[in-house]
Every structure is written in structure tokens, then in C-alpha cells.
Amino acid sequence: MELNNKIMLITYADSLGRNLKELDTVLHTYLQNEVGGVHILPFFPSSADRGFAPLCYDQVDAEFGTFEDIKRISKDYYLMFDFMVNHISRNSDYFKDFEEKKELSKYKEMFIRYKEFWDQGEPTKEEVDLIYKRKPRAPYTEVTFKNGDVEKVWCTFCEEQIDLDVRTETTKEFIRKSLTDMCENGASIIRLDAFAYAVKKKNTNCFFVEPDIWELLHEIQGVVSSKGVDILPEIHEHYTIQMKIAKQGFWIYDFALPVLVLNALYTGNGVYLKRWLEMSPKKQFTTLDTHDGIGIVDARDLMPDEAIEETKEKMFTKGANVKKIYNTAAYNNLDIYQVNTTYYSALGDRDDAYLLARAIQFFAPGIPQVYYVGLLAGSNDIELMEKTKNGRDINRHFYSLEEIAKETDRPVVKRLFELMRFRNTHPAFALEGNMEVKLKKDNQLTIIRTWGTYYAALTADLKSFEFDISHN
């Protein structure tokens, strides 16, 4: 099904029900008019990181179902798939073949070997310091080959996620085949996970390396565009990178909105939010929550540093069961620039504040994405997080069909669904339409969306959380 201007649900294959068949039941029972698309988070066989260490892309994890289940959903909803352009599982057939055969492996050029990449086989301290890292040391893991040899290969994230060398023809062919398989199995848009890390180049920070990163992006676009499929690069960094991508005509994420909305509702002052809404591109997907934490770095320079720090601190003081320890190594948190919480709990589990936050998102430029926990106004799942000791699991509750029936009967969820249906059906929200933002006394926010003779206006008090929607 082609991408359309309706709200996209984000969910794991086993989080709204136990598998894809149950997800399909949930969609058709509760969400026929509330969402038009579904981002099904990685459903391929994987060895780690809840699907983000894929073994391959031509199979569905048997615990979730089959491609027939995916295609069944794609008949009624446009679908987003994930492609981990930066890495693949250490347990994939590709890497295992390399471990066993080393120089004789036909996949050896898929991986970045330190001895070949660096001039002296190892980076200097200056070269390591230059790299944009997710680890306190050089990004590598040691590989012991079947013959006993030991080598370092590039590894940005966890040791199950081995980086790919996107420069080689072997990897390029793997990318082409994987993307083609996705297009043929129901994808309408493909999310390029960890895209900015994909190009490694000496004497750079190895993050969004220009112009090489553009060459990769256009190569990928060339593969999928002939199939009528779009791409969405996933990048958490300074908003100016997103703006660069938008200027080249690609879809982007609005990852800055979550913190800006929290700031406006915590302080009762919408000055920073107003400025961002007026800057935002039209061709974007907006978020308040995702499967990761709430990104702080994405709002840098859109607010003063002290305002960002104040907003982060208020997540812990105003939020419900949001604690600093959940964002430390004690809970396996790798990213100090994200806060682990559901958006509902970040707003103190307050229905009125949460509904206003969603109303603002739905009136912002672009297509809204609603994460499945947010869809059900879910609170922090402390029990799951304590069980796994993974901070991000605080926002990754597993809902049974019985729970979903109960949660969808809550007044806050019913009201949210009303807002979603309105956003999906009113013509004023056309992507090519216009938007005007007004702010009085810092706390009285008005967002007006227009297209042709149609209009819809959100009038909100950022202090009391009261809001009203008028339209023709």
C-alpha cells in the first residue's frame, strides 16, 4: 500500500499481541480509522538489541509469523521496515563464514578490518579522539578466526552488531538484494537505521561524512524508487543535519519536537516550541516517543543549554517514576543523551497534559508517528525494566489482547483516538497546506492549519493544559 498522510503506529511485532497475526487483529479491531500506516520494528531473525542485530532480511522471525502475515497487514496499512545499513549480526551467515574461512570467505569484504583500514593497523590516539563514538574507546570487537588468528573489526554498537563496509561491491550487492526483498514483501517506506555511522573515512569523525554519505543515500534511493518505495534516514544529532537531508528532498524525522513540547508544558512557555514549528519542514515524520529514549541532543541550539538541562531535570521531578539511575550503566544505558521513560509518564501520568502534547504533535507539520505504548497512554513499566535491567524496557511493555481491550476503554485513550481520527480525515492537514503559529503571554498557543478553503485551529493554554479545536 502506498504511503499516505495518515498517522503511523510504531510497534514491535510482539508488543500489541504476541505476534503478527494478533497485531493484525488489534489493527482491525481498534485502529481501522486511527492509523493509516504501521512501522513494524525489526521482525527479521536477530541475535540482539530487540531485532536491531539482524541475521538476514529475507525471512521473518518464526516467533512472529511469516511474510504472508506482513503482506496481509500491508493490504490495509502502509508499512515501514527497518534496514540496518550500518551493521549486521555477528551470528549472521555472512560473518560466520568470514570467521571460519577468513581470506577464503566470499564475504570478507563486507567487514572493516582494522589492519586494512588504518595506516599502521591501529588508529592513533588522535584518530580515536576524532571518531564520533558510542564507546569510551576505539569502536572495535576482536574476532578469533577458526585458525586461531585474532583481529579487530569495526563495531560501533554492541558486539553482536558488526559494522558493514559500505564501500565494497560485496556489501553493495547485499544492500541491493536486501532492499529489493523488502520492497517485494510489502514495504512502503524503509527506515535506514544508524545511517549517519555507515561511512567510515580516515581523518574524519566517521559520522555523516560528506560527500560520501550523500552518494550512499542516493544509491539506496535508486534501488527502491523504481519499486515505488520511499526511504527515511534515521539520525539523532543536531537539527541542522536533518535540515540538510530535507533540502535534498528526502523524508526526515522530527526528533526535536519531544523535548520542545515537554519544555513548553513544564514551563508554560511556548516561545521555543513556536520557533521550531515555524522552522520545521513539511516532508517529515513527527515523534513524541519511539522504542528508544527521549533524545536530548536533537534539541540542542533550539533552546539555550540551560533550558535543555532544566527540561531534562524536570523529567525526573515532574515525571512519574522517571529516575536518573534508569539512564545509567546500571541499566545498560549506552546513550547519555536520552532519557528512558514513556511520554505519558514524562508528563506525570496526567491525561490533560498528555492529550495536549498529542494535539500539538498532530497540528505540527508532517506525518505523526505514535509509538504503541503512547497509543495506550502507557505508564513506565518498572517491573519489566527491573527484570531485564535494560533501561529502555521501561517503555517497551508487552500488551496482551486482554490488556489492550481494557486500555482502549480508558477515557484518555478514547479521547486520543478521537484526535487521531480527526487528524487523519480533516483536509486542512494536507502536507502541502500551510500553518500559522501564534503565541500570546507566552502560554496561549494557537496553531492554524489551512489548505484551500479548509482550516483547523488548535487553541491551547500551556499552563492549564486546556485546549480547544475549531474547524470548518
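Please refer to the structure higher up on the page.
Small disclaimer: the values here were computed from a predicted structure and weren't measured.

**What to know about the pairing of strand 2 (residues 37-40)**
Line of reasoning, step 1. Residues of strand 2 alternate between two faces, with Gly37 and His39 on one and Val38 and Ile40 on the opposite face, all of them buried.
Line of reasoning, step 2. For strand 1 (residues 8-11) and strand 2, the ladder comprises 4 bridges, and the chain directions are parallel. For methionine 8, the partnering residue across the bridge sits in strand 2 and is glycine 37.
Line of reasoning, step 3. With helix 1 (residues 20-30) bridging strand 1 and the parallel strand 2, this β-α-β connection has right-handed handedness.
Line of reasoning, step 4. The pairing of strand 2 with strand 3 (residues 78-83) spans 3 bridges and is parallel. Bridged to histidine 39 within strand 3 is methionine 80.
Line of reasoning, step 5. Regarding topology, helix 2 (residues 67-74) serves as the crossover connection from strand 2 to the parallel strand 3, and that connection is right-handed.

**A few points about helix 11 (residues 305-318)**
Line of reasoning, step 1. A rise of 1.5 Å per residue sets the reference length of helix 11, with its 14 residues, at 20 Å; its end C-alpha atoms lie 19 Å apart and thus fit the reference within 8%.
Line of reasoning, step 2. When we look at burial in helix 11, the residues that qualify are Ala307, Ile308, Thr311, Lys314, Met315 and Phe316.
Line of reasoning, step 3. On its buried face, helix 11 is in contact with helix 9 (257-267), helix 10 (271-279), strand 12 (294-295) and strand 13 (338-339).

**Comments concerning the side chain of serine 345**
Line of reasoning, step 1. Along the chain, the position of serine 345 falls in helix 12 (residues 343-346).
Line of reasoning, step 2. For serine 345, a relative accessible area of 1% corresponds to the buried category.
Line of reasoning, step 3. At 2.8 Å, the side chain of serine 345 forms a polar contact with the side chain of aspartate 349.

**Examining the packing of helix 1 against helix 2**
Line of reasoning, step 1. Packing of helix 1 against helix 2 brings their axes to within 9 Å, and their N-to-C directions diverge by 15 degrees. Judged by the inter-axis angle, helix 1 sits roughly parallel to helix 2. Classified by chirality, the crossing of helix 2 by helix 1 is left-handed. Touching Leu20, Lys21, Leu23, Asp24 and Leu27 of helix 1 are Asp69, Ile70, Arg72 and Ile73, all from helix 2.

**Considering the packing of aromatic side chains**
Line of reasoning, step 1. Applying the stated criterion to the full structure yields 35 aromatic pairs.
Line of reasoning, step 2. Aromatic side chains phenylalanine 157 and tyrosine 197 sit 5.1 Å apart centroid to centroid with 70 degrees between the ring planes, which places their arrangement in the edge-to-face category. One end of the pair, phenylalanine 157, is in the loop between strand 6 (150-154) and strand 7 (161-163); the other, tyrosine 197, is in the loop between strand 8 (187-192) and helix 7 (212-225), and 40 residues separate them in sequence. The pair formed by phenylalanine 157 and tyrosine 197 is uniform in burial state, with each residue classed as buried.
Line of reasoning, step 3. The rings of Phe43, Phe44, Tyr57, Phe67, Phe81, Phe83, Tyr94, Tyr107 and Phe174 are connected pair by pair, giving a single aromatic cluster.

**Here's the deal with a negative patch on the surface**
Line of reasoning, step 1. A cluster of like negative charges, contributed by Asp301, Asp305, Glu306 and Glu309, occupies part of the molecular surface.
Line of reasoning, step 2. Residue placement: aspartate 305 occurs in helix 11.

**What about the nonpolar core?**
Line of reasoning, step 1. Formed by 142 residues in total, the largest nonpolar core has its most connected members in Leu16, Ile40, Phe43, Phe83 and Ile190.
Line of reasoning, step 2. At 9 residues, the largest contribution of residues to this core is made by helix 13 (residues 351-363).
Line of reasoning, step 3. Setting aside anything within four residues of it in sequence, one finds leucine 16 in contact with Leu9, Thr11, Glu22, Leu23, Val26, Tyr372, Leu375, Leu376, Tyr399 and Ile404.

**Side note on the packing of helix 13 against helix 17 (residues 411-425)**
Each pair of packed helices can be summarised by the angle the axes make with each other and by the distance between the axes.
Line of reasoning, step 1. Helix 17 packs onto helix 13 with a crossing angle of 10 degrees between their chain directions and a minimal axis gap of 10 Å. The angle between the axes of helix 13 and helix 17 places the two elements in the roughly parallel class. Residues Asp351, Tyr354, Leu355, Arg358, Ala359, Phe362 and Phe363 of helix 13 form the contact with helix 17, whose own contacting residues are Val412, Arg415, Leu416, Leu419, Met420, Phe422 and Arg423.
Line of reasoning, step 2. When grouped by side-chain class, the residues that make up the contact of helix 13 with helix 17 number 10 nonpolar, no polar and 4 charged.

What counts and what doesn't
- Residues numbered from 1 in each chain as written.
- Predicted model: local features only at pLDDT ≥ 70, side-chain atom pairs only at ≥ 80, totals over all residues.
- Heavy atoms only, no water.
- Buried < 20%, exposed > 50% of the residue type's maximum accessible area, 1.4 Å probe, protein only.
- Helix = DSSP H or I, 4+ residues; strand = E, 2+ residues; numbered from the N terminus.
- Pairing = 2+ DSSP bridges.
- Right-handed = clockwise from strand over helix to strand, strands pointing away.
- Expected span 1.5 Å × (residues − 1).
- Contact = heavy atoms within 4.5 Å.
- Polar contact = N/O pair within 3.5 Å; in protein donor to acceptor, adjacent residues only side chain to side chain.
- Axes fitted to C-alpha atoms, helices over the stretch in contact; angles between N-to-C directions.
- Parallel < 35°, antiparallel > 145°, perpendicular 65-115°, else oblique.
- Left-handed = near helix turned anticlockwise from the far one by under 90°.
- Phe/Tyr/Trp six-rings, centres within 6.5 Å; stacked < 30°, edge-to-face > 60°.
- Patch = residues over 30% accessible without salt bridge, like charges linked within 9 Å, V, L, I, M, F, W, Y side chains within 5 Å.
- Areas by Shrake-Rupley, 256 points an atom, 1.4 Å probe, with all protein chains shown as cover.
- Salt bridge = Lys/Arg side-chain N within 4 Å of Asp/Glu carboxyl O.
- Lys, Arg positive; Asp, Glu negative; His and termini not counted.
- Charge placed at Lys NZ, Arg CZ, Asp CG, Glu CD.
- Core = buried A, V, L, I, M, F, W, Y, C linked by side-chain atoms within 4.5 Å.
- Nonpolar A, V, L, I, M, F, W, Y, C, P; charged D, E, K, R; others polar.

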